[in-house]
Amino acid sequence: MSENEPEPSVESSEEPENPFTPHDVDLLSEEEKEQLQNTALPAAESVKELYEDSITADTAHYSSGVSEFSSEQRKAVVEQLGNDGLVSVAEDVNMQNPERVEAFYTDYLNGQESMVTVFDVQRDGLIGVLTFIFRKGQLQVYYIGVQWKEDGTPEIQSISTNNVAEIKLTEKGYFIYAYETVIAHGCIRQYWRISPLSEKCRELTKKYISGLSYLDLEVLAKDWDSSNAGDILTPSLYDVIYRIHTGKILPSDTRSIPAEDYESIMTTYFPVTAGQLREHCGYDEDSGSYEYEKMHVTQYPPFGEVVDYTENADGTITLIVDGVWPDRNTDLAFRNTVVVQPFEDGTFRYLSNSVEEISTDRK
């Protein structure tokens, strides 16, 4: 989903000066800005009952005013906003009314002035209201951040205007855009998935693919099967597989993992032996343990999403996985075929991977 940078807090509806979001000329009039603000708050009011159990007393400048905002709540907010006729989206939730974004992009390609507003429901419950404007041959985003007061009332947290360097709507259905000035700690490009993805594909992605880095691990990055699975073993792989297995992150003070625990988990999830693990993953014979090596993830790498699957007669599942790499301006950097074997206890084993590089062009 789009990652919107923290903006200075404002007490009123007037746009503050903001040195971090430079632009030469506002494409919107003051009347248009006021109208957008007067649209954002009523829209938030219409979904405030979905926030009631999550409002906190913390309404600091950069806080959403919400805690423990679940994925189910995000989805419900997106769907309610969509039912009200608004374009709305959240991470791992299909965009509502995406045809308006498609129409805006068509107008842009045709050189026709156009606008579209997207309500982006973020992980922490904040609602980012982004209006894309194409006017006078220029692109801008007018951003309104809506947070929640302790009494459950929405209020404008921040307002900014950003020049946009480029936008792209891919054939597969990703809307990718880049600001002229990259925000500190921000991605080179922002993105939304416009086209819907089935709930089953999202479920399979979450269970089998999320967290497997193309750049920091070998599981998705090279071809392998049971004959050469030892080639993908690295000490930091345990960090990811432990999270997949337990749903938890290893404690920060972890220094080593007993061999029995390490080997039990890794031989469950991969067709490898204890001997291969001891050869490749930092086994210490004296202590009978593996040195813990935390994976330091590369910033903004490609991520995999399951776009198709086949449930095979032998009980295995073949996953078709696309490597989405917004910072390289593509939603199909790689195409993987991953075979997994589910077990009755909820665990599973990765059996093989084949990968094809499709496009990693920065243009």
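Residues numbered from 1 in each chain as written. Predicted model: local features only at pLDDT ≥ 70, side-chain atom pairs only at ≥ 80, totals over all residues. Heavy atoms only, no water.

Undergrad: Looking at this structure, how should I read the sheet that holds strand S15 (residues 348-357)?
TA: In any sheet, the strands associate via hydrogen bonds between backbone groups, in a parallel or an antiparallel arrangement. The sheet built from 4 strands is open, its strands ordered S12-S13-S14-S15 with antiparallel pairing. Each edge of the open sheet is held by one strand with a lone partner, namely strand S12 (303-311) and S15. When the angles between neighbouring strand axes are averaged without regard to direction, this sheet yields 25°. Where strand S13 (residues 317-325) and strand S14 (residues 330-342) come together, 8 bridges link them in antiparallel fashion. Each residue of the ladder has a partner; that of Ile317, found in S14, is Val340. (Pairing = 2+ DSSP bridges. Helix = DSSP H or I, 4+ residues; strand = E, 2+ residues; numbered from the N terminus. Axes fitted to C-alpha atoms, helices over the stretch in contact; angles between N-to-C directions.)

Undergrad: Can you walk me through a negative patch on the surface in this structure?
TA: There is a patch of like negative charges on the surface, built from Asp284, Glu285, Asp286, Glu291 and Glu293. Along the chain, Glu285 falls in the loop between strand S10 (283-284) and strand S11 (289-291). (Patch = residues over 30% accessible without salt bridge, like charges linked within 9 Å, V, L, I, M, F, W, Y side chains within 5 Å. Areas by Shrake-Rupley, 256 points an atom, 1.4 Å probe, with all protein chains shown as cover. Salt bridge = Lys/Arg side-chain N within 4 Å of Asp/Glu carboxyl O. Lys, Arg positive; Asp, Glu negative; His and termini not counted. Charge placed at Lys NZ, Arg CZ, Asp CG, Glu CD.)

Undergrad: Sorry if this is basic, but what is going on with the nonpolar core here?
TA: Burial of nonpolar side chains together is a common tendency in soluble globular proteins. Judged by nonpolar contacts, the single largest core of 45 residues is most densely connected at Ile241, Met266, Phe270, Leu319 and Tyr350. Taken together, the elements giving at least two residues each to this core come down to helix H4 (199-209), helix H5 (237-246), helix H6 (259-269), S13, S14 and S15. With 6 residues, the single largest contributor to this core is H5. In contact with Ile241, not counting residues within four places along its chain, are Ile265, Met266, Tyr269, Phe270 and Tyr350. Leu86, Phe119, Val121 and Ile156 belong to the second largest nonpolar core, which has 27 residues in total. (Core = buried A, V, L, I, M, F, W, Y, C linked by side-chain atoms within 4.5 Å. Buried < 20%, exposed > 50% of the residue type's maximum accessible area, 1.4 Å probe, protein only. Contact = heavy atoms within 4.5 Å.)

Undergrad: Help me out: how do you make sense of the packing of aromatic side chains in this one?
TA: When we look at a pair of aromatic rings, we describe it by the centre distance and by the angle of the planes. For the structure on display, the rule yields 25 aromatic pairs. Geometrically, the ring pair formed by Tyr238 and Tyr242 is tilted, given 5.9 Å between the ring centres and 35° between the ring planes. Of this pair, Tyr238 and Tyr242 both sit in helix H5, 4 residues apart, which is roughly one turn of that helix. Per residue, the accessibility class of Tyr238 equals that of Tyr242, and both read buried. With a centroid separation of 5.0 Å and 85° between ring planes, the pair formed by Tyr269 and Phe348 is classed as edge-to-face. Of this pair, Tyr269 sits in helix H6 while Phe348 sits in strand S15; the two residues are 79 residues apart in sequence, bridging distant segments of the chain. On the basis of relative accessible area, Tyr269 is assigned to the buried category, the value being 2%. By relative accessible area, Phe348 is classed as buried at 2%. (Phe/Tyr/Trp six-rings, centres within 6.5 Å; stacked < 30°, edge-to-face > 60°.)

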